[in-house]
Amino acid sequence: MTLSEISIRRPVFITMVTLGLLVLGYIGFTRLGTDLYPSVTMPIMTVAVPYPGAAPADVEREILKPIEDAVVAISGVDRVNGFARENVGVVVVMFKLSADFDQAAADVREKVDALGGKLPSGAQKPVLSRADVGAAPILIYAASAPLPSDEVRRLTEDLIKPALERLEGVAKVDILGGREREIQVELDALKLESYRLAPHQVFQKLNAENATIPAGHYFTGGSGDAQEVSVRTVGEVKDPADIG
C-alpha cells in the first residue's frame, strides 16, 4: 500500500501524523541553540620564539630548523610550517583530525622544552599556544580625539581599557594602534668590528643595564621594634642620554 492510498483511505491518521511532525519541528526549532562563535577545537599549535637582534636568516637556521626537526616526528602531525621574521621565529604545527590533540600538544611542549640547551643563548623562552576560535575579538571600537596619537593611546590605556575590563563577561581588552614612545640606538659598524662585538651583544648589555633588581635588606630600630627594610638597585633608564 502506497502513501497516496493510505492518505485517501485514512485521512484522519495522515492529518494527525502531519500535525505531530509540525509540532515536533516547532519544538525543536525553538530549542535549537545558536552561537556566533561555536566552540571548535582547531588541531593547530604555534611555537613562537623571540630572538632579539637576529636577522631572518639566523632565525631560520638557529630557531626554526631545530624546532621543525623535533616536532615533525610527533605522531599525528599533518604539516609543519615555519615563518622567519626579524627578531622572532614562528613554527605552526598542524595535526590530523583523527589525532588526540591534547596528547599531541603535550608532546610538542615536551619536544620544545628538550631543545632548551640547543637554542642560541640570545633567544627568549618559547611561547606555545593553541589556535582558539573563541579567542577572536567580538567587539572592536575605534577611539579618536583632536590630540596627538601617543596621547590618545595613553588616554585609552589609562581610562577606557580599565573601564571595559571591569564589565561583566569581558575576558580581555587589547589596544592596537597609536604611537608609542621609542628610543632608537644606532650602532657604528666600524666600532662594533673594532671591539669584536655583535649587535645582539649590545642589545643584551642594554637589556641587562636597564633593570631594577633587589639588593637585599637590613634591619632598623632596636631588638624589640626592629623593622626590615628592603633595598633595591635602581638601574632603569630615565633619560636617553643615560644609554650613551
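Residues numbered from 1 in each chain as written. Predicted model: local features only at pLDDT ≥ 70, side-chain atom pairs only at ≥ 80, totals over all residues. Heavy atoms only, no water.

(A) Fine view of the overall build of the protein chain. Within the protein chain, the secondary structure is distributed over eight helices and six strands. When the helices and strands of the protein chain are read in sequence order from the N terminus, they spell out α-α-β-α-β-β-α-β-α-α-α-β-β-α. A globule of 244 residues ought to have a C-alpha radius of gyration of about 18 Å, yet the protein chain, at 30 Å, is considerably larger. Seen along its three principal axes, the alpha-carbon backbone of the protein chain occupies a region of about 105 × 55 × 50 Å. In the protein chain, buried positions account for 16% of the 244 residues. Taking the contacts inside the protein chain whose residues are at least 6 apart along the sequence as the reference set, 54% of them involve residues at least 24 apart. Accessible surface, the protein chain: about 18,900 Å² in total, of which carbon and sulfur atoms supply 55%. (Helix = DSSP H or I, 4+ residues; strand = E, 2+ residues; numbered from the N terminus. Rg over C-alpha atoms; globule rule 2.2 N^0.38 Å. Buried < 20%, exposed > 50% of the residue type's maximum accessible area, 1.4 Å probe, protein only. Contact = heavy atoms within 4.5 Å. Areas by Shrake-Rupley, 256 points an atom, 1.4 Å probe, with all protein chains shown as cover.)

(B) How the structure looks around the packing of aromatic side chains. Counting across every chain of the model gives one aromatic pair. For the ring pair Phe-95 and Phe-101, a centre distance of 5.8 Å and an interplane angle of 65 degrees mean the geometry is edge-to-face. Judged by relative accessible area, Phe-95 falls into the buried class, the value being 5%. (Phe/Tyr/Trp six-rings, centres within 6.5 Å; stacked < 30°, edge-to-face > 60°.)

(C) Representation of helix α3 (residues 56-71). Leu-64 marks the point of greatest bend in α3, at about 40 degrees, and the proline Pro-66 comes within the next four residues. Listed in full, the buried residues belonging to α3 are Val-59, Ile-63, Leu-64, Ile-67, Ala-70 and Val-71. Here the buried face of α3 lies against β1 (41-50), β2 (77-85), β3 (88-95) and α4 (101-114). (Bend = angle between axes of the 7 residues up to and from the residue.)

(D) Geometry of the pattern of salt bridges. Per the counting criterion, the structure on display carries eight salt bridges. For Lys-65, the salt bridge identified is with Asp-69, shortest N-O distance 3.0 Å. Of this pair, Lys-65 and Asp-69 both sit in helix α3, four residues apart, which is roughly one turn of the helix. By relative accessible area, which is 49% here, Lys-65 ends up partly exposed. Across the salt bridge formed by Arg-130 and Asp-102, the nearest N and O atoms sit 3.2 Å from each other. Of this pair, Arg-130 sits in strand β4 (residues 127-132) while Asp-102 sits in helix α4, and the two are 28 residues apart along the sequence. Residue classification places Arg-130 among the partly exposed residues on the basis of a relative accessible area of 38%. Here the residues in one salt-bridge network are Asp-58, Arg-61 and Glu-62, joined through shared partners. (Salt bridge = Lys/Arg side-chain N within 4 Å of Asp/Glu carboxyl O.)

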